[in-house]
Amino acid sequence: MSIPSARPSHRRLLIALAIGAAALGGCASQPGQHQLDAFDDVPPEIADIPDAVPKVEPRSRYGNPKSYEVFGKRYYTKASSRGHVERGLASWYGKDFHGRRTSSGEPYDMHAMTAAHKTLPLPTYARVTNLENGRSVVVRINDRGPFHGSRVIDLSYTAATKLGMARKGTAMVEVRAIDPRRPDADPGPLVAGGEHAPQRARDTNPPASEPARATTKPVTTAARTTDGGSGGLYVQVGAFGDPRNAERLRSRLRPELGDPILVENTRSADNALYRVRIGPLASRTEASALTERLAGLGIAETRLVQN
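Residues numbered from 1 in each chain as written. Predicted model: local features only at pLDDT ≥ 70, side-chain atom pairs only at ≥ 80, totals over all residues. Heavy atoms only, no water.

A. Highlighting the environment of S104. Within the secondary structure, S104 sits in the loop between β3 (85–93) and β4 (114–116). In this structure, S104 is in contact with S60, Y62, L122 and N142, ignoring residues within four places of it in sequence. A distance of 3.0 Å separates the side chain of S104 from the side chain of T102, its partner in a polar contact. (Helix = DSSP H or I, 4+ residues; strand = E, 2+ residues; numbered from the N terminus. Contact = heavy atoms within 4.5 Å. Polar contact = N/O pair within 3.5 Å; in protein donor to acceptor, adjacent residues only side chain to side chain.)

B. Focus on unusual backbone geometry. Geometrically, the link from L122 to P123 is a cis peptide bond, its omega value of -5° lying close to zero. Here P123 lies in the loop between β4 and β5 (124–130). Across the junction of G145 and P146, the peptide omega takes the value -5°, indicating a cis bond. Counting through the fold element by element, P146 comes out in the loop between β6 (136–143) and β7 (151–156). Residues other than glycine seldom take positive phi values, yet F71 does so here, at roughly 55°. Mapped onto the elements, F71 comes out in the loop between β1 (67–70) and β2 (73–76).

C. Local environment of helix α3 (residues 243–257). For α3, built from 15 residues, the straight-helix expectation of 21 Å at 1.5 Å per residue is met to within 8% by its first-to-last C-alpha distance of 20 Å. Of the residues making up α3, those classed as buried are N245, A246, L249, R250, L253 and L257. Taken end-on, α3 shows its buried residues confined to a sector of 135°, consistent with a single buried face. With its phi angle positive at about 75°, G258 sits one or two positions after the end of α3. (Expected span 1.5 Å × (residues − 1). Buried < 20%, exposed > 50% of the residue type's maximum accessible area, 1.4 Å probe, protein only. Arc of directions from axis to C-beta.)

D. Focus on the pattern of salt bridges. Within this structure, the stated rule accounts for 10 salt bridges. The residue R176 makes a salt bridge to E174 at a minimum N-O spacing of 3.2 Å. In this structure R176 comes out as partly exposed when scored by relative accessible area, which is 22%. In this structure, the salt-bridge partner of R181 is D179, at a minimum N-O distance of 3.1 Å. Under the relative-accessibility criterion, D179 is labelled buried at 16%. (Salt bridge = Lys/Arg side-chain N within 4 Å of Asp/Glu carboxyl O.)

E. Inspection of the sheet that holds β3 at higher detail. Here we have six strands rolled up into a closed barrel, ordered β3-β7-β4-β6-β5-β8, and mixed in their pairing. Ignoring strand direction, the axes of neighbouring strands in this sheet form an average angle of 45°. As paired strands, β4 and β7 are joined by two bridges and run antiparallel to one another. Bridge pairing in β7 links A116 to D154. (Pairing = 2+ DSSP bridges. Axes fitted to C-alpha atoms, helices over the stretch in contact; angles between N-to-C directions.)

F. Looking closely at the confidence of the model for the protein. In this model, the protein carries a mean pLDDT of 74, and residues with pLDDT of at least 70 account for 67%. β4 holds the highest mean pLDDT among the elements of the protein, 97, whereas helix α1 (residues 8–21) holds the lowest, 42. Scored below 50 in pLDDT, residues 1–43 shows 95 contacts in the model against residues more than four places distant or in partner chains. For the stretch residues 191–230, pLDDT sits under 50, and the model shows 61 contacts to residues farther than four places along the chain or on other chains. (pLDDT = per-residue confidence, 0-100.)

G. Layout of helix α4 (residues 284–296). Here α4 is 13 residues long and its end C-alpha atoms lie 19 Å apart, about the 18 Å a rise of 1.5 Å per residue gives. Looking one or two residues past α4, G298 carries a phi angle of roughly 95°, positive in sign.

H. Representation of the pairing of β3 within the structure. Where β3 meets strand β8 (residues 171–178), six bridges bridge the pair, whose relative direction is antiparallel. Bridge pairing in β8 places R87 opposite E174. In this sheet, β7 lies alongside β3 in parallel orientation, the contact comprising five bridges. In the strand pairing of β7, A90 is matched with I153.

I. Here's a closer look at the pairing of β8. By the criterion of burial, β8 is predominantly enclosed, with six of the eight residues buried. Bridge count between β5 and β8: six bridges; the pairing is antiparallel. Note on β8: the bridge partner recorded for T129 is E174.

J. Just the packing of α3 against α4, in detail. Relative to each other, α3 and α4 sit at 115°, their axes nearing to 12 Å. As judged from the angle between their axes, α3 and α4 are roughly perpendicular. The interaxial crossing formed by α3 with α4 has right-handed handedness. In this structure, α3 contributes L253, E256 and L257 to the contact, and α4 contributes L290, R293 and L294. Its residues assigned to classes, the contact of α3 with α4 shows four nonpolar, no polar and two charged. (Parallel < 35°, antiparallel > 145°, perpendicular 65-115°, else oblique. Left-handed = near helix turned anticlockwise from the far one by under 90°. Nonpolar A, V, L, I, M, F, W, Y, C, P; charged D, E, K, R; others polar.)

K. Just the nonpolar core, in detail. Judged by nonpolar contacts, the single largest core of 52 residues is most densely connected at V128, V139, I153, L155, V237, L253 and L294. Among residues more than four places away in sequence, those in contact with L155 are A90, S91, W92, Y93, Y108, T114, A115, V128, V139, A160, L163 and M165. (Core = buried A, V, L, I, M, F, W, Y, C linked by side-chain atoms within 4.5 Å.)

Below you can see the structure in the form of structure tokens.
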């Protein structure tokens, strides 16, 4: 259904109402939302947020009907995401929908690595590659949309930033579903010629000739300063708008690294941001070793912070 006379915010509202009528509660991008003021209250650290980590999850209780209708067009939810690959135009949605209910029932977090898709099961993990610059991210699809034109996926602000398309607003991408039940499910980012780079095998057990390593060994910490504060360096592994996402990352890392893994609450331009940091560390050498351990756990993007 065409609504050319409506303002962008009104069009977004109509879409949300239409999906709500289909018991979805999702959202989709519309023209005009990609304004420069969307960058005013987003801190630079947002680009350092780790990609989504694929894991086996049950289907969402919401957002997975056999079919639903939006603006007179019927969409059919796929029975499985296995083998799904498509190329098309991607867009993003941001602060106007931050905190609102997604089709899966979860609150939308513009700082998380999430996305919306019209037909893939919720949730689905997928690698999205910007075909215009080669950048690649892994997202968790937990929402429905976009319902504008021929767009195939609607990304969170953070995912769009990491793909280098936030300012432009749209980009041609490849969307490739990941099966979290297979250790080699992620084909890796695209390389020259349009092929996928081989992924290093993720062994769940060490080789027989190598003794098993204890996974609960804590990181070494620096001495406390005399004023009661913490001295030394910290490795930041993520920054989230939703504290639950920060706690999930801390819970995931604690069995591997032990304590201390901190969640620090900061505020920027009226938006709370929860940073996950490890430390304090005694030296840059120790920080470098920790960064290598984190890379082995699938967290390649980290940031060194000194208090």
